[in-house]
Amino acid sequence: MNIKPLAPRSDFPLLAGDPKLRYLDSAATTQKPQAVLDAISGYYERDNANPHRGAYTLSAAATEAYQTARDSIARFLGASDPDTLIFTRGTTESLNLLATAWGHANVKKGDRIVVTRLEHHANFVPWQQLALATGAEFRICELTAEGEIDLAKLSELVTKNTKVVAFGHVSNALGTVNPVADIAAIAHRAGALAVCDGAQGAPHLTVGFDSLGVDAYAFSGHKMLGPMGIGGLIAKRDLLESMPPYQMGGDMIALVGDAATTWNVLPHKFEAGTPNVEGAVGLAAAVGYLQALGMDRVHSHESALVRYATERLSTVEDVTLLGPPAARRGGLVSFTLRDVHPHDLSQLLDAESIAVRAGHHCAQPLMRALGVNATTRASFYVYNDSSDVDALVSAVARVRERFTAAV
Amino acid sequence: MTGPMSADLEELYQSIILDHNRRPQNFRTIPDASAHADGLNPMCGDQFTVWLKMNGDVVEDVSFQGSGCAISKASASLMTQAVKGKTRAEAEKLFDSFHGLVTGHSGGEDLGRLKAFSGVSRFPLRVKCATLAWHAMRSALDDAAKGPASSPPEPQA
């Protein structure tokens, strides 16, 4: 099998500078192309000032750079109204924004909040804590044997008093790609909000927010070639307009009186303080890079690598692959090696310059249900190729030999 | 292992560590324990419980159960062997020596077979693994000292 990289390693300074590195942890964070680094330094070299503040030319340039970035990122995610894209630090802040601002205004005792067993802590803990604070009931939808959301169980759980159904687009721990439209339809039948954690969706799939069916979609820039510290929340305009603000400060106000304050329009109402213009500009460059590759090609490249990795890994004795079949999973494989803890495995793989994630993947409720403490996860992106898979598989086989040879 | 393996890693994964990982000693509960305590590593989810049975000031029996990586499990196993029969003060001193060894602050001359963990000091991320059961043991020692009907361990994380 020879699957070539979709994007040349030479576009990525870190990968170009470390030719031996097999970077298989893109689900945690991706490497950055030169185009993104150039966009960030270019912003500081040419356009840097505080946006929305001064009347001078430079402040206007910064405002323009920030707004242009918002427009192109919204377009990339299929949102026709760019003002409904709120910039945040990333998925975690986006989901906290919703659970806090919308949650405390709309959820009360006797209501129900539904999440799934697949969720990352970022889409689990804020809702669990909202339930604890309001007295609402917190319910977790269990999975099928293959690690997919059980839609029949979900339909039963989402009762008339359910206010929100929060679920991931793609599971970061198992790679499961969830049927977003079906889940949103179940939520909407009960009049509940459908909230989608897109941290592992936006980097790999065409999102198409306008026709996706959900009310809100959260994502992180650094998992899609962009810088850390920038991400966003896209939501329906009426939802954002009806919600109280999340943080108070500069930029988010219209008029501050001695006794009361009115809020600015979208998106500013949810962006208190000096924004992360550098991050937005960098993420816009990342989105441009992905668009040039083509998201369909990004997805088929990852699918080919995942198919190849699952085939090869399943030939290694004592390896157990977790999650759904390769055809229904995103760009990662999660597995265990019998009698070898993932931490030991990843430490030994690191000695061969193979970077994988070992641990609970911020999904302890899922790990408990699977009956494992931790798994090893290899995740792929545009710069990976089949030789990365080959290196991983033979190294895993060698670690197995070493651990079972010990008497 | 036929592939490349650095000297540091060879030292980290010595055969005594791999042996105790595969066949941990004192891997059981003690029903009439004087105290027990949990050790949890929230970063990786590894979790051990350590049981202690004291006879006056002496550790008459010590055991552990739970799950974790080879470093944490082997460390727990070798710890139970080292601590059994020691006085409370001797066990505390072993803790300090072991901690010094894995953090690279001392040579651990008094540690005997536990010196196998000297390689940990070159992998700072693994210090928590090597000391997980030790912290639980020390907190069980404290509990046992507080009185016969010790309170259950505080939930962590």
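Since we're looking at a predicted model, the values are computed, not measured.

## Quick notes on the environment of M137 of chain B
All names here are of chain B. Considering the arrangement of structural elements, one finds M137 in helix 5 (residues 127–146). It is 15 Å that separates the C-alpha atoms of M137 and N41, two residues lying 96 residues apart in sequence. Beyond its immediate stretch of four places on either side in the chain, M137 contacts V50, L52, M79, V83 and A91.

## Regarding the interface of chain A and chain B
Facing the 20 residues of chain A at the interface are 28 residues of chain B. Summing the contributions of chain A and of chain B, the shared interface buries around 2100 Å²; its carbon and sulfur component is 52%. The largest per-residue losses of area from chain A upon contact with chain B belong to H343, Q347 and R402 of chain A, which jointly make up 29% of the total buried on that side. When the shortest N-O distance is used, the salt bridge between R402 of chain A and E10 of chain B registers 3.6 Å. Our count for the chain A to chain B interface comes out at eight residue pairs in polar contact (both at pLDDT 80 or more). Those elements giving two or more residues to the side of chain A that touches chain B turn out to be helix 12 (342–350) and helix 14 (386–405) of chain A. Broken down by element, the side of chain A that touches chain B gets its largest block of residues, six residues, from helix 14 of chain A.

## A short note on unusual backbone geometry
Of note, the bond from L266 of chain A into P267 of chain A is cis; its omega dihedral lies within 30 degrees of zero at 0°. Following the sequence through the fold, P267 of chain A ends up in the loop between strand 10 (261–263) and helix 10 (277–293). One non-glycine residue with positive phi stands out, namely S353 of chain A, at about 60°. Note on placement: S353 of chain A falls in the loop between helix 12 and strand 13 (354–355). A positive phi angle is found at N26 of chain B, which is not glycine, with a value near 55°. Structurally, the position occupied by N26 of chain B is in the loop between helix 2 (15–22) and strand 1 (35–41).

## Focus on the side chain of T134 of chain A
All names here are of chain A. Along the chain, T134 turns up in helix 5 (residues 125–134). For T134, a relative accessible area of 16% puts it in the buried group. In terms of polar contacts, T134 uses its side chain to reach the backbone carbonyl oxygen of L130, at 2.8 Å. In contact with T134, other than residues within four places in its own chain, are H104, V107, K108 and K109.

## With respect to the domain arrangement of chain A
Residues and elements named next belong to chain A. Annotation of chain A at the domain level lists domain 1 (9–31 + 295–405) and domain 2 (37–291). Between the C-alpha centres of domain 1 and domain 2 there is a distance of 28 Å. At the junction of the two partners, domain 1 supplies 36 residues and domain 2 supplies 32 residues. Across the domain 1/domain 2 interface, buried area totals approximately 2800 Å², and carbon plus sulfur atoms make up 57% of it. Connecting domain 1 to domain 2 are two salt bridges. On the surface where domain 1 and domain 2 come into contact, there are 21 residue pairs in polar contact (both at pLDDT 80 or more). Residue assignment for the side of domain 1 that touches domain 2 shows that the elements contributing at least two residues are helix 11 (295–313), strand 12 (332–337) and helix 13 (364–370).

## What about empty space enclosed by the protein?
All names here are of chain A. Here the structure, examined in full by the defined rule, presents three cavities of 30 Å³ or more. Its volume calculated, the largest cavity comes out at about 60 Å³. For the largest cavity, the full set of lining residues is V170, V177, Q200, H204, L205, H299, E302, S303, R329, G330 and G331. Residue composition of the lining of the largest cavity, by class: three nonpolar, six polar and two charged. Mapping the lining of the largest cavity onto the domain boundaries places at least three of its residues in each of domain 1 (9–31 + 295–405) and domain 2 (37–291). Reported here for the second largest cavity is a volume of approximately 40 Å³. Taken together, A27, V170, Q200, H204, G330, G331, L332 and S379 make up the full set of residues lining the second largest cavity. Of the residues that constitute the lining of the second largest cavity, the class distribution is three nonpolar, five polar and no charged. Of the domains in this structure, domain 1 (9–31 + 295–405) and domain 2 (37–291) are the two that each give at least three residues to the lining of the second largest cavity.

## Observations concerning the packing of helix 2 of chain B against helix 3 (residues 70–83) of chain B
All names here are of chain B. At a minimum axis distance of 8 Å, the contact between helix 2 and helix 3 shows a crossing angle of 85°. One way to sum up the angle between helix 2 and helix 3 is to call them roughly perpendicular. Across the interface between the two elements, I16, I17, H20 and N21 of helix 2 pack against A70, I71, K73, A74, S77, L78 and Q81 of helix 3. By residue class, the composition of the contact of helix 2 with helix 3 is six nonpolar, four polar and one charged.

## A look at the pattern of salt bridges
Side chains carrying opposite charge are able to pair once their charged atoms draw close together. All names here are of chain A. Counted under the stated rule, the structure contains 32 salt bridges over all chains. Taking the shortest distance from any N to any O, the salt bridge between D111 and K163 comes out at 3.0 Å. Pair noted here: D111 is in the loop between helix 4 (91–106) and strand 3 (112–116) and K163 is in strand 5 (residues 162–168), with a separation of 52 residues, a long-range link. Take D111: its relative accessible area is 6%, and that puts it in the buried class. The residue R237 makes a salt bridge to E241 at a minimum N-O spacing of 2.8 Å. Within this pair, R237 and its partner E241 are both found in helix 9 (residues 237–242), separated by four residues, close to a single helical turn. R237 gets classed as partly exposed once you look at its relative accessible area, which sits at 32%. The partly exposed category is assigned to E241, whose relative accessible area is 46%. A single network of salt bridges, built from pairs that share partners, joins D81, D83, R237 and E241.

## Structural notes on the state of the cysteines
All names here are of chain B. A complete count under the given rule lists zero disulfides over all chains for this structure. With no disulfide partner, C129 has as its closest neighbouring cysteine sulfur the one in C69, 3.9 Å distant. On the basis of relative accessibility, which here comes to 2%, the residue C129 falls in the buried class.

## Things to note about the packing of aromatic side chains
All chains considered together, the criterion is met by 12 aromatic pairs over all chains. Relative to F138 of chain A, the ring of F124 of chain A has its centre 5.2 Å away and its plane inclined at 90°; by these criteria the two rings are edge-to-face. Separated by 14 residues along the polypeptide, F124 of chain A in the loop between strand 3 and helix 5 and F138 of chain A in strand 4 (residues 137–141) bring together distant segments of the chain. Overall, the relative accessible area of 6% leaves F124 of chain A in the buried class. Plain terms: the ring middles of F98 of chain B and F117 of chain B are 5.5 Å apart, the flat faces sit at 75° to each other, and that makes the pair edge-to-face.

Cut-offs used in this document
Residues numbered from 1 in each chain as written. Chains lettered and ligands numbered in written order. Predicted model: local features only at pLDDT ≥ 70, side-chain atom pairs only at ≥ 80, totals over all residues. Heavy atoms only, no water. Helix = DSSP H or I, 4+ residues; strand = E, 2+ residues; numbered from the N terminus. Contact = heavy atoms within 4.5 Å. Buried area = accessible area lost by both parts, 1.4 Å probe. Salt bridge = Lys/Arg side-chain N within 4 Å of Asp/Glu carboxyl O. Polar contact = N/O pair within 3.5 Å; in protein donor to acceptor, adjacent residues only side chain to side chain. Buried < 20%, exposed > 50% of the residue type's maximum accessible area, 1.4 Å probe, protein only. Domains from an automatic or database assignment. 1 Å grid on protein atoms, 1.4 Å probe; cavity = no way out; pocket = protein on both sides within 12 Å on 5 of 7 lines; lining within 4 Å. Points joined across faces, edges and corners; volume = space filled by probe spheres on them. Nonpolar A, V, L, I, M, F, W, Y, C, P; charged D, E, K, R; others polar. Axes fitted to C-alpha atoms, helices over the stretch in contact; angles between N-to-C directions. Parallel < 35°, antiparallel > 145°, perpendicular 65-115°, else oblique. Disulfide = S-S within 2.5 Å. Phe/Tyr/Trp six-rings, centres within 6.5 Å; stacked < 30°, edge-to-face > 60°.

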